[in-house]
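Letter by letter, the chains look like this.
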Amino acid sequence: MRVDDFHFELPEALIAQHPLAERDASRLLDLTGENLADRCMRDLPSLVRPGDVWVLNDTRVIPARLLGQKATGGRVELLLVEPTGEAGVWLAWGRANRGLRAGERIDIAAGFAAEVLGREGKQLRLRLLAADVMAAIEAHGHMPLPPYIQRADAAADRERYQTVFAATPGAVAAPTAGLHLTEPLMQAMEQAGASFAHVTLHVGPGTFQPVQVERIEDHAMHTEVYVVPEMTAARIHDARRSGARIVAVGTTALRALEAAAATGELVAGNGRTDIFIYPGYRFRVVDALLTNFHLPRSTLLMLVAAMVGRERLLAAYAHAMAGGYRFYSYGDAMLVPAQGMGGSA
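These remarks concern the structure in this document. (Residues numbered from 1 in each chain as written. Predicted model: local features only at pLDDT ≥ 70, side-chain atom pairs only at ≥ 80, totals over all residues. Heavy atoms only, no water.)

**Observations regarding the overall build of the protein**
We apply this condition: Numbering of helices and strands runs from the N terminus; a helix is a DSSP stretch of H or I covering at least four residues, while a strand is a stretch of E covering at least two. It is over C-alpha atoms that the radius of gyration is taken, and the globule rule equals 2.2 Å times the number of residues to the power 0.38. The buried label goes to any residue with under 20% of its type's maximum accessible area, the exposed label to any with over 50%, and the partly exposed label to all in between, with areas taken from a 1.4 Å probe on protein chains only. In what follows, residue pairs with any heavy atoms lying within 4.5 Å of each other are defined as contacts.
When helices and strands are counted, the protein shows eight helices and 17 strands. A globule of 345 residues ought to have a C-alpha radius of gyration of about 20 Å, and the protein, at 20 Å, matches this closely. Taken along the three principal axes of its C-alpha coordinates, the protein extends 60 × 45 × 40 Å. Within the span of the protein, comprising 345 residues, buried residues form 53% of the whole. Here the contacts in the protein between residues at least 6 apart in sequence split such that 72% fall between residues at least 24 apart.

Okay, structure coming up:
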């Protein structure tokens, strides 16, 4: 299967640059019926089936974009990826007019700097220098908006590029399907018969990396840290036994669940996953997916195509573009069913 099979032309005007005033005012393209249905996010309670378990990714986005300068005055932009486990040491992407070398110091703010320790592959290994590193990141970092949002982050993004259920800091990109949910909307869904369970998958910058091979089977996925709690696994096992539906809110929640079921049965625990889901994959846990619209030729587009089929997905995207749906992180969403299930949870 070729990457070109997942290409489409998107008018730039459809790329959402700002969130809507109200989270749940976003539009929803419903693929769960025989025909496409144009709905609103506030219609979700009517789409709930009694016994549904909707699985949320409770990762919290950190303001991981750091702006600083070298001793020479040269400007540097850093994007933190993840801590290494060694106190104050992080892996990061770096951008500067000239390459960053081991031993260089980058001043970010008064009392906050970074020292380049070296490289691990394409990433920098940094020591962050501050009395309280996480407090310094929160105080001086910028929200890491995706590259297709062509503006600087604003104060409002601290709240809007974050789900209302975010709890565990560590992501450098938001699990964007969850951005549409509000507490009143979730309460209405519970009244309709749904329950919610949580996983954690810290979304990394690799989610925006382009696929640079011709055959998708040759693509190497980035790795991300995930946690599936015992309570979540137990609730999903009970739901599966009763024939209830498991709905992943976002591709990251889906990847965490399917990674945790790699042996055929969902197992609670934590780990790292580089699971790559594309057409031909048989889903073991997830029956349906709430997801935003994704970049052409991206692994996330391929994941959704694995659920509903490439032709139906691209037809849905064409419908969305013709209808003026808003795309990507601050855009609208889709509700899609899995074509078939393999294995058991």
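On we go from here.
**A short note on the sheet that holds strand β13 (residues 224-228)**
Using the following cut-off: We call two strands paired when DSSP finds no fewer than two bridges between them. Only C-alpha atoms enter the line fits that serve as axes; for helices the fit covers just the stretch in contact. Angles between N-to-C directions range over 0 to 180 degrees.
One open sheet holds the nine strands; their spatial order is β2-β1-β17-β16-β14-β3-β12-β13-β15, and the pairing between them is mixed. Both edges of this open sheet fall to β2 (37-40) and β15 (269-273), since each of them pairs with a single strand only. Strand-to-strand, the axes of this sheet are offset by a mean angle of 25°, without reference to chain direction. The sheet contact formed by strand β3 (residues 53-57) and strand β14 (residues 246-249) spans three bridges and is parallel. Following the sheet pairing, V53 is matched in β14 by I246.

**Details of the pattern of salt bridges**
Side-chain pairs of opposite charge can arise where the charged atoms are in close proximity. Put simply, the rule reads: In what follows, salt bridge is the name for a side-chain nitrogen of Lys or Arg lying within 4 Å of a carboxyl oxygen of Asp or Glu.
Here the structure, examined in full by the defined rule, presents 22 salt bridges. We note a salt bridge from R39 to D30, for which the minimum N-O separation is 2.9 Å. Residue R39 is classed as partly exposed on the basis of its relative accessible area, which comes to 32%. Across the salt bridge formed by D287 and R240, the nearest N and O atoms sit 2.8 Å from each other. Of this pair, D287 sits in the loop between β15 and β16 (288-292) while R240 sits in helix α5 (residues 230-241), and the two are 47 residues apart along the sequence.

**Focus on the nonpolar core**
Test applied: The criterion is simple. A nonpolar core is a set of buried Ala, Val, Leu, Ile, Met, Phe, Trp, Tyr and Cys residues joined through side-chain atoms within 4.5 Å.
Membership of the largest hydrophobic core comes to 73 residues, with the highest contact counts inside it found for Y161, L254, L257, M307, F327 and M334. Of the residues forming this core, the biggest block, eight residues, is contributed by helix α7 (residues 299-308). Apart from the residues lying within four places of it in its own chain, the contact partners of M334 are L28, L29, L31, L289, L290, T291, F293, L313, A316 and Y317.

**Concerning the side chain of H294**
Selection rule: Between N or O atoms, a polar contact is any pair within 3.5 Å; within protein, one atom must be a potential hydrogen donor and the other a potential acceptor, and residues adjacent in sequence are included only when both atoms are from side chains.
For H294, the location among the structural elements is in the loop between β16 and α7. By relative accessible area, H294 is classed as buried at 8%. Polar side-chain contacts of H294 include one of 3.1 Å to the backbone oxygen of N292. Once residues lying within four places of it in the same chain are set aside, the contact partners of H294 are F8, T251, L300, L301, V304, Y317 and Y328.

**Comments concerning the packing of α7 against helix α8 (residues 310-322)**
When two helices pack together, their arrangement is given by the angle between the helix axes and by the axis-to-axis distance. As a reminder, the rule being used: The hand of a helix crossing depends on one turn: near helix anticlockwise from the far one by less than a right angle means left-handed, and clockwise means right-handed. Three classes are used, and their members are as follows: Ala, Val, Leu, Ile, Met, Phe, Trp, Tyr, Cys and Pro are nonpolar, Asp, Glu, Lys and Arg are charged, and the others, Gly among them, are polar.
The interhelical angle for the contact between α7 and α8, taken along N-to-C directions, is 115°, at an axis separation of 7 Å. Considering how the two elements wind past one another, α7 and α8 form a crossing that is right-handed. Contact residues: α7 offers L301, V304, A305 and V308, while α8 offers R310, R312, L313 and Y317. Residues that form the contact of α7 with α8 fall into these classes: six nonpolar, no polar and two charged.

**Quick look at unusual backbone geometry**
You will see that R297, though not glycine, has its phi angle at about 65°, which is positive. Relative to the elements of secondary structure, R297 occurs in the loop between β16 and α7. Judged by relative accessible area, which is 29%, R297 ranks as partly exposed. Positive phi is not limited to glycine here, since Y328 has a value of about 75°. With respect to the helices and strands, Y328 occurs in the loop between α8 and β17 (333-337).

**Section: the environment of D5**
Structurally, the position occupied by D5 is in the segment before β1 (27-30). Taking the C-alpha atoms as reference points, D5 and M302, separated by 297 residues in sequence, lie 9.5 Å from one another. What D5 contacts, discounting residues up to four positions off in sequence, is R310 and L314.

**Describing the environment of P11**
In this fold, P11 is placed in the segment before β1. Once the C-alpha coordinates of P11 and Q212 are considered, the two residues, 201 residues apart in sequence, prove to be 22 Å apart.

**Observations concerning the packing of aromatic side chains**
Threshold: Geometry of aromatic contacts follows a simple scheme: Phe, Tyr and Trp rings, the Trp one being its six-membered ring, pair when their centres are within 6.5 Å, and the pair is stacked under 30 degrees between planes, edge-to-face over 60, tilted otherwise. Either the NZ atom of lysine or the CZ atom of arginine qualifies as a charge over a ring when it sits within 6 Å of the ring centre and within 35 degrees of the ring normal.
Within this structure, the stated rule accounts for eleven aromatic pairs. On the numbers, 5.0 Å between centres and 75° between planes, the contact of Y281 with F283 is edge-to-face. Judged by relative accessible area, Y281 falls into the buried class, the value being 18%. The interplanar angle of 65° and the centroid separation of 5.8 Å between the aromatic rings of F293 and Y325 together place this pair among those described as edge-to-face. In this pair, F293 is assigned in the loop between β16 and α7 and Y325 in the loop between α8 and β17, connecting sequence segments 32 residues apart. The exposure class assigned to Y325 is buried, which follows from its relative accessible area of 0%. Three or more aromatic residues joined by ring pairs form one cluster here, namely F8, Y148, F293, Y317, Y325, F327 and Y328. The residue whose ring lies beneath R27 is Y325, and the NZ or CZ to ring-centre distance is 3.8 Å.

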